[in-house]
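Structure assessment
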Amino acid sequence: MAGKIKEMIDLIVRQRADGNPMLERVIKSKLMLKGVNPKKFDSNTPDDPAILQKLERMMHTLK
Amino acid sequence: MKIKSAFSTRDTAQASVSELSGALAPLDPKMVLFFASTKYAPESICQLMQNAFPQAQVIGCSTSGEITSGRMFNNGIAAMAFSAEAIQDLSIQVVEDLHDEKALSGAFAAFEAHFQTPMAALNPAEYVGLLLIDGLAGAEETLIETIGDLTNTIFIGGSAGDDLKFAATHVYANGKSHRHAAILALLKPGVEFTFIKTQSFRDLGKTLEVTKADETRREVIEFNGKPAAAGYAEAVGTTVDKAPESFMRNPVGLFIDGEPYVRSPQQIQGNSILFYCGVVEGMELSLLESTDMIQDTRQAIEQAREELGDISGIINFNCILRTLELTQKNLTADYGKLFADFPTVGFSTYGEQFIGHINQTATMLVFK
């Protein structure tokens, strides 16, 4: 399977920033500090369970 | 005046607190922030400070050097008082156990109860968080990342020091001293505010990708598929034996939006390099070289002043490695003078926080 990481990154940024460009930058910075560089993932990137777990934790924590 | 700073270098805690009280109490502060040398006994200094400002919420921590308007100094105490006009509302929570995730949940629940708003819904333009954390617990990354997961509100802060003894650091809240703990203060300022994150480095254009790491130990085992010490030494152009001589001048940084989030090497252990903050597998780090700290900091302050129109106060969390570099270059007086025109409080930290945990950086909260 591929593309799920990009989908989750986009979802996190969309949900949390709500269109605020400053918040989009902050959230992308937080992702990079966790070792997830949003620019490195596209719809063809294989699904890496370790990265997906980090993103799921981030989504879960905010709820 | 909404914000006022003062300092003291008297020999005893009582004399120093008395001096600070004389300078700051007339403001009738709602909050007092202080940073104190470990020459003052922790239990004593925090209790005396709270007693001196009984109407205020008082927080602080131990240091490895202090900063006030116009000067850097050692073996003293620097404090800042905030009027009710400057800080409309605040809540202070202590995270007693840095390794207990539920402790942070409890602090955030208390914030939500106080401000009657979910933390995830707080407007980051109206609220700001301060973080003062034990500088020797090695827990900064986990805490600041979890905070960042829970809220969009920016928390900025520093890791407590202990005058370079590396034995015990302390954080203080409302008359009590804590170890292995963090103080969180959620503020609703009555004035505009902005942030400074300044570091003085340029990108040397050499990438060191972390290909193997032990994140819990802040240890890079491999850079670019090679033993980390050898990979770093090769990038710097030196030998593994001599590589530590380059650590301060040539740390590495994760570039985000054109700015490095600095990770400073601490020591070589075997073939690995231990860092002063977290490194994660997959991170592409850039080799950095130090530049003019005085000029860069002056520029950052000027940008903040242009953004806000005026500055009524600065809280400066300045990395101890920056302070050591300034001391080596005999520039501490020049650095202090950068803050001569503004009420300023700060200290030399064992780590800085802004969105994440970083090194060799000054993170500052600036009030209009």
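The notes below deal with the structure included here. (Residues numbered from 1 in each chain as written. Chains lettered and ligands numbered in written order. Predicted model: local features only at pLDDT ≥ 70, side-chain atom pairs only at ≥ 80, totals over all residues. Heavy atoms only, no water.)

The next point concerns the overall build of chain B. Along its length, chain B carries eight helices and 26 strands. The dimensions of chain B, computed from C-alpha atoms along their principal axes, are 60 × 45 × 40 Å. Looking at chain B as a whole, 59% of its 368 residues qualify as buried. For chain B, the share of sequence-separated contacts (at least 6 apart) that also reach a separation of at least 24 residues comes to 81%. On chain B, roughly 13,600 Å² of surface is accessible, and the fraction owed to carbon and sulfur atoms is 45%. Measuring between centres, the 27 positive side-chain charges of chain B sit 5 Å from its 45 negative side-chain charges. (Helix = DSSP H or I, 4+ residues; strand = E, 2+ residues; numbered from the N terminus. Buried < 20%, exposed > 50% of the residue type's maximum accessible area, 1.4 Å probe, protein only. Contact = heavy atoms within 4.5 Å. Areas by Shrake-Rupley, 256 points an atom, 1.4 Å probe, with all protein chains shown as cover. Lys, Arg positive; Asp, Glu negative; His and termini not counted. Charge placed at Lys NZ, Arg CZ, Asp CG, Glu CD.)

This next bit is on the packing of aromatic side chains. All names here are of chain B. What the rule picks out here adds up to 15 aromatic pairs over all chains. Measuring from centroid to centroid gives 5.4 Å for Tyr232 and Phe247, while their planes differ by 70°, and the two rings are edge-to-face. With Tyr232 in helix H5 (residues 228-236) and Phe247 in the loop between H5 and strand E17 (252-256), the pair connects residues that are 15 residues apart, well separated along the chain. Assigned by exposure class, Tyr232 and Phe247 land together as buried. With centroids separated by 5.9 Å and ring planes inclined at 90°, the aromatic side chains of Phe317 and Phe347 adopt a geometry described as edge-to-face. Remark: Phe347 occurs in strand E23 (residues 344-349) and Phe317 occurs in strand E22 (residues 313-319); sequence separation between them is 30 residues. Each member of the pair, Phe317 as well as Phe347, is classed as buried. Grouping aromatic residues by their ring pairs yields a cluster made of Phe35, Phe317 and Phe347. Sitting over the ring of Tyr127, Lys188 keeps its end group 5.8 Å from the ring centre. The residue whose ring lies beneath Lys197 is Tyr261, and the NZ or CZ to ring-centre distance is 4.1 Å. (Phe/Tyr/Trp six-rings, centres within 6.5 Å; stacked < 30°, edge-to-face > 60°. Lys NZ or Arg CZ within 6 Å of the ring centre and 35° of its normal.)

Here the focus is helix H6 (residues 293-308) of chain B. Since the α-helix advances by 3.6 residues per turn, residues separated by three or four positions end up pointing in the same direction. Residue and element names in this part refer to chain B. The terminal C-alpha atoms of H6, which comprises 16 residues, lie 22 Å apart, in line with the 22 Å expected from a rise of 1.5 Å per residue. Along H6, the residues that are buried comprise Met293, Ile294, Thr297, Ala300, Ile301, Ala304 and Leu308. One face of H6 carries all of its buried residues, which in axial projection span an arc of 135°. For H6, the secondary structure elements touched by its buried residues are strand E13 (193-198), helix H7 (320-328), helix H8 (332-337) and strand E26 (362-367). The N-cap residue of H6 is Asp292: its side-chain oxygen and the backbone nitrogen of Ile294 are 3.1 Å apart. Immediately downstream of H6, the backbone of Gly309 shows phi near 90°, a positive value. (Expected span 1.5 Å × (residues − 1). Arc of directions from axis to C-beta. Polar contact = N/O pair within 3.5 Å; in protein donor to acceptor, adjacent residues only side chain to side chain.)

This next bit is on the packing of H6(B) against H7(B). All names here are of chain B. Where H6 contacts H7, the two axes come as close as 11 Å, and the packing angle between them is 125°. Considering their axes alone, H6 and H7 lie oblique with respect to each other. Along its contact with H6, which presents Met293, Ile294 and Thr297, the element H7 presents Arg322, Glu325 and Leu326. Considering only residue class, the contact of H6 with H7 consists of three nonpolar, one polar and two charged. (Axes fitted to C-alpha atoms, helices over the stretch in contact; angles between N-to-C directions. Parallel < 35°, antiparallel > 145°, perpendicular 65-115°, else oblique. Nonpolar A, V, L, I, M, F, W, Y, C, P; charged D, E, K, R; others polar.)

With that settled, consider the nonpolar core. Residues and elements named next belong to chain B. Judged by nonpolar contacts, the single largest core of 63 residues is most densely connected at Phe82, Leu130, Phe223 and Ile315. Counting residues per element, this core draws most heavily on H5, which supplies five residues. Composition of this core by domain shows at least three residues from each of domain 1 (3-198 + 294-367) and domain 2 (201-290). Residues contacting Phe223, with those up to four places away along its chain left out, are Leu208, Glu209, Val210, Thr211, Ala228, Tyr232, Ile273, Phe275 and Leu285. Judged by nonpolar contacts, the second largest core, of 22 residues, contains Leu24, Tyr40, Cys46 and Ile77. (Core = buried A, V, L, I, M, F, W, Y, C linked by side-chain atoms within 4.5 Å. Domains from an automatic or database assignment.)

Moving on to the packing of helix H1 (residues 4-17) of chain A against helix H2 (residues 21-33) of chain A. All names here are of chain A. As a packed pair, H1 and H2 sit with axes 9 Å apart at the nearest point and diverge in direction by 135°. Classified by the interaxial angle, the pair formed by H1 and H2 is oblique. Two packed elements cross with a definite hand, and for H1 against H2 that hand is right-handed. Of the residues in H2, those in contact with Ile9, Ile12, Val13, Arg16 and Ala17 of H1 are Leu23, Glu24, Ile27, Lys28, Lys30 and Leu31. In terms of residue class, the contact of H1 with H2 is made up of seven nonpolar, no polar and four charged. (Left-handed = near helix turned anticlockwise from the far one by under 90°.)

In the structure shown here, the tally under the stated rule is 16 salt bridges over all chains. Here Arg57(A) makes a salt bridge to Asp149(B), at a shortest N to O gap of 3.9 Å. Placement of Arg57(A) in helix H3 (residues 49-62) and of Asp149(B) in helix H4 (residues 140-150) is noted, with the two residues assigned to different chains. A salt bridge links Lys197(B) to Glu259(B); the shortest N-O distance between them is 3.0 Å. Separated by 62 residues along the polypeptide, Lys197(B) in strand E13 and Glu259(B) in strand E18 (residues 259-263) bring together distant segments of the chain. Of the residues examined, Lys197(B) reaches a relative accessible area of 11% and is grouped as buried. Residue class for Glu259(B) comes out partly exposed when judged on its relative accessible area of 33%. One network of salt bridges, in which partners are shared, links Lys34(A), Arg57(A), Glu145(B) and Asp149(B). (Salt bridge = Lys/Arg side-chain N within 4 Å of Asp/Glu carboxyl O.)

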